[in-house]
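# Examination of the molecular architecture
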Amino acid sequence: MTFFKKSRRLGLISMAYQFIIVLGLFASSGQAAVKALDTDWTKAPSTENWKAFFKLSDAEKAQNWKTLTAKGQTFEALSWEWKLAWVRSCTFSTTQDCSRIVQLGLFDKALVVRAEAATRLGQRFAKSGNPAAIRLLRTAYGVQQNVRAKEPMFVQYRILQSLNEIGGEGQAVGKQLAMNSNSMHKYWTRIASAK
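Rules used in this analysis
Residues numbered from 1 in each chain as written. Predicted model: local features only at pLDDT ≥ 70, side-chain atom pairs only at ≥ 80, totals over all residues. Heavy atoms only, no water. Patch = residues over 30% accessible without salt bridge, like charges linked within 9 Å, V, L, I, M, F, W, Y side chains within 5 Å. Areas by Shrake-Rupley, 256 points an atom, 1.4 Å probe, with all protein chains shown as cover. Salt bridge = Lys/Arg side-chain N within 4 Å of Asp/Glu carboxyl O. Helix = DSSP H or I, 4+ residues; strand = E, 2+ residues; numbered from the N terminus. pLDDT = per-residue confidence, 0-100. Contact = heavy atoms within 4.5 Å. Axes fitted to C-alpha atoms, helices over the stretch in contact; angles between N-to-C directions. Parallel < 35°, antiparallel > 145°, perpendicular 65-115°, else oblique. Nonpolar A, V, L, I, M, F, W, Y, C, P; charged D, E, K, R; others polar. Disulfide = S-S within 2.5 Å. Buried < 20%, exposed > 50% of the residue type's maximum accessible area, 1.4 Å probe, protein only. Phe/Tyr/Trp six-rings, centres within 6.5 Å; stacked < 30°, edge-to-face > 60°. Lys NZ or Arg CZ within 6 Å of the ring centre and 35° of its normal.

Where nonpolar side chains cluster on the molecular surface, the patch consists of Trp80, Val112 and Phe154 and spans about 280 Å² of accessible area. If you trace the backbone, Val112 turns up in helix H6 (residues 111-124).

Encoded structure:
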């Protein structure tokens, strides 16, 4: 066999191996099985389930949410710990349901969930002046659940912090809302000047 024939034969073999490798890559990058979290969403999560949840990709979380809602479970029916997990995971996620999840969290019956949702809205829309986020926060600030004996609860502080972070019209709204309480006015003055 001449040198030319040997090199041509080796080249064809090499191309065949490359083709097999490429096919293998396509097969492995195809639709992988979505991880379904085997948990009771109405009860506090175990440490293992909590960790497993935060290791899921956005697509896997979205699929878990679809499965959960297809079974008739609502955000309101989840344990407050799972509500926190969903709200946290939606901070920077662009999946279809995340906006709704954070909105539900902002008006949830559990104070810690409302406060978490307020904080996450501020983080998600920081320095954007996002009008929809500002409207949601303004509305949530006035919810009676966020005041006890005419004194603001910590969720209102979180709302002001988020309005300050969002900026734009959020600054004017935050200043206006803070005027109704001496403690909130002091807080707003402190955070608005700490740039």
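The next thing to look at is the confidence of the model for the chain. Within the chain, residue pLDDT values average 85, and 82% of them lie at 70 or more. Predicted confidence is poor over residues 15-32, with pLDDT under 50, and the contacts of this stretch with residues over four places away or in other chains come to zero contacts.

What follows concerns the packing of H6 against helix H8 (residues 154-166). Contact geometry for H6 and H8: axes closest at 8 Å, N-to-C directions at 10 degrees. By the angle between their directions, the pair H6 and H8 is classed as roughly parallel. When H6 is examined against H8, the residues Leu111, Val112, Arg114, Ala115, Glu116, Ala118, Thr119, Leu121, Gly122 and Gln123 are found in contact with a partner set consisting of Phe154, Val155, Arg158, Ile159, Ser162, Glu165 and Ile166. Partitioned by chemical class, the residues of the contact of H6 with H8 number nine nonpolar, four polar and four charged.

As a further point, take the state of the cysteines. For the structure shown, the criterion picks out one disulfide. Disulfide partner of Cys90: Cys98, at an S-S distance of 2.2 Å. Judged by the torsion about the S-S bond (-65 degrees), the Cys90/Cys98 disulfide is left-handed. We classify Cys90 as buried; its relative accessible area is 1%. Using a relative accessible area of 5% as the deciding quantity, one classes Cys98 as buried.

Attention shifts here to the packing of aromatic side chains. We describe a pair of aromatic rings using the distance from one ring centre to the other and the angle between the two ring planes. The full count for this structure, using the stated rule, is ten aromatic pairs. Three or more aromatic residues link up through ring pairs in this structure, and these residues are Trp41, Trp50, Phe53, Phe54, Trp65, Trp82 and Trp86. A cation over a ring is seen here: Lys61 above Phe53, with NZ or CZ 5.4 Å from the ring centre.

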